[in-house]
Every structure is written in structure tokens, then in C-alpha cells.
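A structural walkthrough
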Amino acid sequence: RLLDRILSRFREFSMLEKIFRDGMEQYRAGRYAAAIDRWERVRGLDPDYPQVVYYLDLARQRSAEQTATQEVATRHRRLEALYEQASAFHRQGRWDEAVDRLTEIETRQPGLHNASALLRDAATRSYAFHAPLGMTLARRGRFADALPHLERAAALARWRGDPPGGMPALASLIVTCCEISGRWPNWSP
């Protein structure tokens, strides 16, 4: 019986050793979740197994670092894709869409690539469309039609480097259009 118990314990230890070594292989290959799984099995079968707690902690730390690195890389790839899309819109003369994408980039990570310079250029070009159109529509008495263009021009002021709300004449014209059309602005001076 004693011999059976010794052999049984030896087989159990041999199995644990095999699982532990498999965990080491997983760890070395950078598959930390698999290594943690193997070592948790070892610890569950023998809580006093040598060094299992140390390697579990190490694998959990590396797994957390790997996850954080992957999240940063994913965020960076998304911003890169947004920038490429914004650049394409800019090249196509689709200023409003370029401004929208670039604004999102500037909000998430200011200074990515040349997003600030591209945003300023796209905002200036978009403003050059919306402000005159809004003013022309307002002069013709089409205040409700003028308002979205004037509001867009005012929103672009921030990115063009104008004072908040745009030029004082633009802000005044927005207020006038709102009063006459009976509509509240989507923008505040």
C-alpha cells in the first residue's frame, strides 16, 4: 500500500510538472491567459507547488501590460484611420466632412500628425462657403434657410482662429435670423 501511495503521488506530481511546464511554454510564447489557466490548475491541485504563485502573478502582470498595449495600439489605429478619411475628404473638397473628422481627432488626441493644420485649412474653406451663403440667404429674407449656414460658420470660427462665435456681425445676424424665423439657434454666442 505504501508503494501504491508513493507511485500515485509520483504520477500526480509528474502530471502537475507536465501542466506546469506547459504553462511555462505558453508564457514564453506570450500567451499569458493560457499560462494562467495552466498554473491555476496546478495551484488548484497542489497549492504548495513550488513557484506557481510567483509565476501566476508574473503572468497576470504581463497579461495586463499586453492588454493595455493592445488598447493603445487599437486607439491609435482608429485615429490613423480617421485622419486618412479626413485627408481624403479634404483632397475631394468635402470640407464639412473633413472638419467633422478632424474635430473628432483634435478632441481625442490634439496634435496627431498635421491634423491641426489640416483642420484650420478645412475650416477656413468651409467657412468661405457657409458664411457668404448664409448672409446672402438672410439678405433675401430666407432667414430659416440662412440659419444653418450661419450657425455652421460660427462653429467653424474656433478652428479658424476667430473669436468665439465668429465675427460680431455673424453673431448679430444669427440672432436676427432666430428672432425673425422664431427658431432657437443650435449655437450660442
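If you tally the helices and strands in the chain, you get seven helices and zero strands. The helix and strand sequence of the chain, counted from the amino end, reads α-α-α-α-α-α-α. Within the chain, the proportion of its 189 residues that are buried is 36%. Restricting to contacts in the chain with at least 6 residues of sequence separation, those with at least 24 account for 52%. Here the chain displays about 11800 Å² of accessible surface, and carbon together with sulfur accounts for 54% of that area.

Under the criterion given, the structure shown has seven aromatic pairs. Here Tyr-27 and Trp-39 contribute two aromatic rings whose centre-to-centre distance is 5.9 Å and whose plane-to-plane angle is 40 degrees, an arrangement assigned as tilted. Of this pair, Tyr-27 sits in helix α1 (residues 2–28) while Trp-39 sits in helix α2 (residues 32–45); the two residues are 12 residues apart in sequence, bridging distant segments of the chain. Looking at Tyr-27, the relative accessible area reads 12%, which means it is buried. Taking the relative accessible area as the measure of exposure, Trp-39 reaches 0% and is therefore buried. Grouping aromatic residues by their ring pairs yields a cluster made of Phe-20, Tyr-27, Tyr-32, Trp-39, Tyr-49, Tyr-54 and Tyr-55.

Below, the discussion takes up the nonpolar core. Counting 20 residues, the largest nonpolar core has Tyr-83, Val-99, Leu-102 and Ile-105 as the members making the most contacts within it. Of all the secondary-structure elements, those providing two or more residues to this core are α3 (52–91), α4 (95–108), α5 (115–139) and α6 (143–160). Per-element accounting of this core gives the leading share, seven residues, to α5. If sequence neighbours within four positions are ignored, Ile-105 has contacts with Leu-79, Leu-82, Tyr-83, Pro-110, Leu-112 and Ala-115. Counting residues in each nonpolar core, the second largest holds 16 residues, with Met-24, Trp-39, Val-42 and Tyr-49 among its members.

Moving on, we come to the environment of Thr-176. Along the chain, the position of Thr-176 falls in helix α7 (residues 168–181). Sequence-wise, Thr-176 and Phe-143 are 33 residues apart; in three dimensions their C-alpha atoms are separated by 8.4 Å.

Let us look at the side chain of His-149. Structurally, the position occupied by His-149 is in helix α6. Setting aside residues no more than four positions away along its own chain, His-149 makes contact with Phe-129, His-130, Leu-133, Gly-134 and Leu-137.

Right, let's talk about the packing of α3 against α5 for a bit. Orientation of α3 relative to α5, taken along the N-to-C sense of each, is 35 degrees, at an axis distance of 11 Å. The way α3 lies across α5 gives a crossing that is left-handed. Side by side, α3 and α5 meet where Tyr-83, Ser-87 and His-90 of the first sit next to Ala-115, Leu-118, Asp-121, Ala-122 and Arg-125 of the second. A breakdown of the residues in the contact of α3 with α5 according to their chemical character gives four nonpolar, two polar and two charged.

What counts as what
- Residues numbered from 1 in each chain as written.
- Predicted model: local features only at pLDDT ≥ 70, side-chain atom pairs only at ≥ 80, totals over all residues.
- Heavy atoms only, no water.
- Helix = DSSP H or I, 4+ residues; strand = E, 2+ residues; numbered from the N terminus.
- Buried < 20%, exposed > 50% of the residue type's maximum accessible area, 1.4 Å probe, protein only.
- Contact = heavy atoms within 4.5 Å.
- Areas by Shrake-Rupley, 256 points an atom, 1.4 Å probe, with all protein chains shown as cover.
- Phe/Tyr/Trp six-rings, centres within 6.5 Å; stacked < 30°, edge-to-face > 60°.
- Core = buried A, V, L, I, M, F, W, Y, C linked by side-chain atoms within 4.5 Å.
- Axes fitted to C-alpha atoms, helices over the stretch in contact; angles between N-to-C directions.
- Left-handed = near helix turned anticlockwise from the far one by under 90°.
- Nonpolar A, V, L, I, M, F, W, Y, C, P; charged D, E, K, R; others polar.

What is shown is where atoms sit, not what they do.
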